[in-house]
Amino acid sequence: MAGVGGAARLGGCWGAQWGAGGAQEGAGGLNGVLGWLDEVLRGSMECWGAQGGAEWAQRDAGGPQQGAGGAQWVAGGLRGVLGAWGGWWVGDGGAQTGAEGAHRGAGGPSGVLGGSGVLVRVLGSAGGPGVSWWGDLGGAQWDWQLTRDHTITSPGSFSPPGARRWLSSRSPAPRVCVVGSGPAGFYTAQHLLKHHDLVQVDIYEKLPVPFGLVRFGVAPDHPEVKNVTKTFGQTARSERCKYYGNITVGRDVTVAELRQAYHAVVLSYGAEDNRTLGIPGENLPGVYSARAFVGWYNGLPENRDLKPDLSCETALILGHGNVALDIARILLSPLDLLRKTDITECSLAALACSKVKRVWLAGRRGPLQVAFTIKELREMINLPGTQPVLNPADFTGLENAVKDIPRPRKRLTELMIKTALQKPGEMAAQAAAPRQWGLKFQRSPQEVLPTADGMRARGVRMALTRLEGSGESAKAIPTGDVEELECGLVLSSIGYRSLPLDPAVPFDSQRGIIPNSMGRVEGAPGLYCSGWVKRGPTGVIITTMNDSFDTAQSVLEDLRGGVLDVSVSKEGFGAVGSILSSRGVRPVSFSDWEKIDAAEVARGKAAGKPREKIVDPQEMLQLIGH
Ligand SMILES: Cc1cc2nc3c(=O)[nH]c(=O)nc-3n(C[C@H](O)[C@H](O)[C@H](O)COP(=O)(O)OP(=O)(O)OC[C@H]3O[C@@H](n4cnc5c(N)ncnc54)[C@H](O)[C@@H]3O)c2cc1C
Ligand SMILES: NC(=O)c1ccc[n+]([C@@H]2O[C@H](COP(=O)([O-])OP(=O)(O)OC[C@H]3O[C@@H](n4cnc5c(N)ncnc54)[C@H](OP(=O)(O)O)[C@@H]3O)[C@@H](O)[C@H]2O)c1
C-alpha cells in the first residue's frame, strides 16, 4: 500500500477528497483504487486527462452512482468498476493514480478537486441540470454542480465558472417526514434516501398497516400489482428510514408540530373520500360508493361492516373508470377464482350468496371518452361464465373516427367495437353464460328511485346526453330525454376525493388537492406534497411513482440550495414521540407490521389464499402486544 502517491490526474475529476488508503499504487504504478465512501455522481459527464504518457478518460451516462470506497482502476486496462453500484469507468490507456491533484484539507471536510489538465465535460443539453456530485465525510457534507465544461488547471482548488460548490462542516442530517405510506409516501422516501446520503426519513401512517391503496384498493385478483410492496419493504428497512403506523396526522399530531420537528414535511396522504353524485336518492339503502365497496372486499377497517345487499339480480355501476371495471369483475367472477386471492373471508361468503347476475356500467359520455384501459376491459370480456352485452348502435361510425386518435385509445375502442359486433355463434361458450355485463353510454344519473315503501333503491333515472365537442374533452349535455333502469344495487364509481388534513395546510376544495408547484406547497416553505393529494385521484402506481420522484427532487434541490435550513438540528421522532406518548398514542413499527403480515400469511395458507387480512385494528394491535 503506497497510500496516495505517484504522479497522477486520475482522481482529479472524481474524488474531491482522497481517502486515506484510497489510492494504491501497484507495481509499475498502473494499478489504482479510486474511491470514496458515500460519494454520489449524478448527471452525464466525461472526464479525461493525460500525464507522463498515461491517458485516461471516463464517461458516465447519467444515473446516480455511488462509490463504496472501491472503484478499481485496472492496471493498463481500459476500464474499471466503480464501487458497489457497478458504474463503469472507461479508461483509455494505463491509468495512474496519485495525489498530486486531490488532497484532504486540514480538519477533514474541505475537499479539493485536482489534477491539472483534467477536463470535466458536461454532456446533455445546454441549460440542463449538468453534473452534480456530492458526498460526506465525518459528518461534513459537500455538494457540487457543474453546468459547463471545465478544465481543472490548478490542483488544490476548484472554483470554475459555472460551478457551485457547497461545503459545510458538521451539518446535522436533514430530517424529512412523510405523511402516508401508500405508493406516494414510499416512492418519495425511496427517492430521497437514494439521492441524499445523509437524509433521514420518517413515514407516518394512520393505519397500523402500510401500503395504502396497494393493500386496500388494488383488486384481490391482481396480485402481481402488489409486488411493489417488496420494494417499499426495502425502503422501510433502510437504516435511515423509519415507519410509524397507527398515527393519524391532523389528530394525534398536528402538521405544525411535525414542521417543528423536521426540516421538511411531505404530505402523501392520498384521497380518503369519494365524489358524490349530488342527486336525490343517493343515500338510499342499496346505494354504495365504489370506495366503500372496494374497501369492504379488501378489508379496509372502516368498511369491514358494510354488508352490501347482494340479493338483487341487476346491479348498476355509475362511471366508466377502472374502479368500475374492478367492481364489475368482483361481482361476476366465479368464486373459485376469488377463493385463491386475498379477498376477505366475509366478502367471499357474501359473494357466495350473491344473486347478482347482470351488471350494467353507465357513463355520461361515449365510447371514445371511457376512462378504463384495455387490459382491464379485456379481462372483463374474457371473464369465465359471463357474456358481454354491447349495443352495436353505440359504435356506429366509430371505425373511421378511431383512425386518427392516439394508439392506446384506438386499440381500446377497436376492442369494444369487435366485442359489440361479435355474432352470438362466435362466442358460443359465452352465449350460454349465466351472467352478463354491459356498457351503457351517454347516460347521466339524475335520481336514484326508491321502492314503493321508500325503504331502498329500485332503479336509477338517467338523463340521456349528447356530446358537445369531440375527443377526450367532449362534454355531456342532457337532451331532455330520460330513461329508467331497474336495479336493486347501485354503485357510484365516479372517483375518489382528497380531504383537507389540518387547517394549517392550504387546500383547494374545488379541485380537491393541496395547491402546489412541483410538489412545493404554495405559501408554505418546507411543506411538500406528492401522490393523489398533489394531483388529484387519478393515475396508476407508476404515475404516482413519477410524481413522487418529482416532489422528492424538489426537496433535494431545496436541501442543496439552502432553501431548507439544515444548519439547525431537528429532533424528528425524538420530539414527535414525546408528543404522541403524552397523548397516549402508541406507534406501530415496521417490524410490528411484519409480525401482522406473517400472521395474515399463515392464516391465508390454511385457506389456500396468499393471506387472510386482519380487518380489525384492535386485533392487529393485540397481535403485536400493544
Ligand atoms: C380501487 C383502486 C384500484 C386500483 N388499482 C390499481 C392497479 O391495479 N394498478 C395500479 O397501478 N394502480 C391502481 N390504482 C391506483 C393506485 O392505487 C394509486 O395511484 C396510488 O395508490 C396513489 O397513491 P397515494 O400514496 O397517493 O395514495 P394512497 O395509496 O391512498 O396512500 C395514502 C396513505 O395515506 C394514509 N393516510 C391518510 N390520511 C392520513 C393521516 N391523516 N395521517 C397519516 N396517514 C394518512 C392512508 O391510510 C394511506 O395509507 C387503484 C386505485 C384504486 C382506488
Ligand atoms: N387496474 C388498474 O390499473 C386500475 C384499477 C383501478 C383504478 N385504477 C386507476 O385509479 C384511478 C381512479 O380510477 P376511478 O375509476 O376511480 O376514476 P376515473 O378513472 O377518473 O373514472 C371516473 C369515472 O366517473 C365518471 N364521472 C365522474 N364524475 C361523474 C358524475 N358527476 N356523473 C357521472 N359520471 C361521472 C367519469 O366520467 P367522465 O370521464 O365523463 O368525467 C369516469 O368515467 C384511475 O387513474 C384508474 O386508472 C387503475
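Residues numbered from 1 in each chain as written. Chains lettered and ligands numbered in written order. Predicted model: local features only at pLDDT ≥ 70, side-chain atom pairs only at ≥ 80, totals over all residues.

Per an unreviewed UniProt entry, the protein carries the name NADPH:adrenodoxin oxidoreductase, mitochondrial and comes from Anas platyrhynchos platyrhynchos. The UniProt entry for the protein carries this comment under Cofactor (unreviewed entry): "FAD". Regarding the protein, the relevant UniProt record gives this comment under Catalytic activity (unreviewed entry): "2 reduced [adrenodoxin] + NADP(+) + H(+) = 2 oxidized [adrenodoxin] + NADPH". (UniProt positions renumbered as here; feature names shortened; annotations may be inferred.)

Student: Please clarify how the site of ligand 2 should be interpreted in this entry.
Tutor: Neighbouring residues of ligand 2: 26 residues in total, closest Gly319, Gly321, Asn322, Val323 and Ala371. Of all the secondary structure elements, the ones that give two or more residues to the shell around ligand 2 are α6 (322-332) and β24 (443-450). Residue contributions to the shell around ligand 2 peak at 4 residues, all from α6. Taken together, the residues of the shell around ligand 2 break down into 10 nonpolar, 11 polar and 5 charged. (Near = placed C-beta within 6 Å. Helix = DSSP H or I, 4+ residues; strand = E, 2+ residues; numbered from the N terminus. Nonpolar A, V, L, I, M, F, W, Y, C, P; charged D, E, K, R; others polar.)

Student: Hey, could you run me through the nonpolar core in this one?
Tutor: Buried together is how nonpolar side chains tend to be arranged in soluble globular proteins. Counting residues in hydrophobic clusters, the biggest one holds 62 residues, and the most contacted among them are Val176, Val265, Val266 and Leu267. Once residues lying within four places of it in the same chain are set aside, the contact partners of Val266 are Val176, Val178, Val179, Thr188, Tyr528, Cys529, Ser530, Thr551 and Val555. Core analysis: the second largest hydrophobic core is formed by 55 residues, Leu300, Leu338, Leu383 and Cys487 among them. (Core = buried A, V, L, I, M, F, W, Y, C linked by C-beta atoms within 7 Å. Buried ≥ 20, exposed ≤ 12 C-beta atoms within 10 Å, placed from the backbone. Contact = placed C-beta atoms within 7 Å.)

Student: How do you make sense of the environment of Leu559 when you look at a structure like this?
Tutor: For Leu559, the location among the structural elements is in helix α14 (residues 541-560). On the basis of neighbour count, Leu559 is assigned to the buried category, with 23 C-beta atoms found within 10 Å. A sequence separation of 385 residues divides Leu559 from Pro174, and the C-alpha atoms of the two residues are 7.9 Å apart.

Student: How should the site of ligand 1 be read in this particular structure?
Tutor: The full set close to ligand 1 counts 35 residues, and Gly180, Gly182, Gly212, Gly270 and Gly531 are the nearest of them. Elements represented by at least two residues in the shell around ligand 1 include exactly α1 (183-195), α6 and α14. Here the residues of the shell around ligand 1 sort into 17 nonpolar, 14 polar and 4 charged. Both domains that furnish three or more residues to the shell around ligand 1 are identified here as domain 2 (175-272 + 500-588) and domain 3 (277-497). (Domains from an automatic or database assignment.)

Student: Can you help me understand the environment of Pro208 in this one?
Tutor: Here Pro208 shows up in the loop between β15 (200-204) and α2 (213-216). Residue Pro208 is classed as buried on the basis of its 24 C-beta neighbours within 10 Å. Separated by 381 residues in sequence, Pro208 and Ser589 place their C-alpha atoms 8.5 Å apart. Each residue touching Pro208, except ones within four places of it in the same chain, is listed here: Gly245, Asn246, Val588, Ile596, Pro617, Met620 and Leu621.

Student: Looking at this model, I keep getting lost on the sheet that holds strand β19 (residues 287-289). Mind explaining?
Tutor: Sheets are built from strands paired through backbone hydrogen bonds, the pairs being either parallel or antiparallel. Spatially, β19-β27-β20-β21-β23-β22 is the arrangement adopted by the 6 strands of the open sheet, whose pairing is parallel. In this open sheet, the two strands that pair with only one neighbour each are β19 and β22 (386-389). Within this sheet the neighbouring strands show an average axis-to-axis angle of 20°, counted without direction. As judged from the 4 bridges shared by β22 and strand β23 (residues 435-440), these two strands associate in the parallel manner. Residue pairing for β23: Gln387 is matched across the bridge by Gln436. The sheet contacts of helix α5 (residues 290-297) involve β19 and β27 (489-492), and relative to β19 the element is tilted by about 80°. (Pairing = 2+ DSSP bridges. Axes fitted to C-alpha atoms, helices over the stretch in contact; angles between N-to-C directions.)

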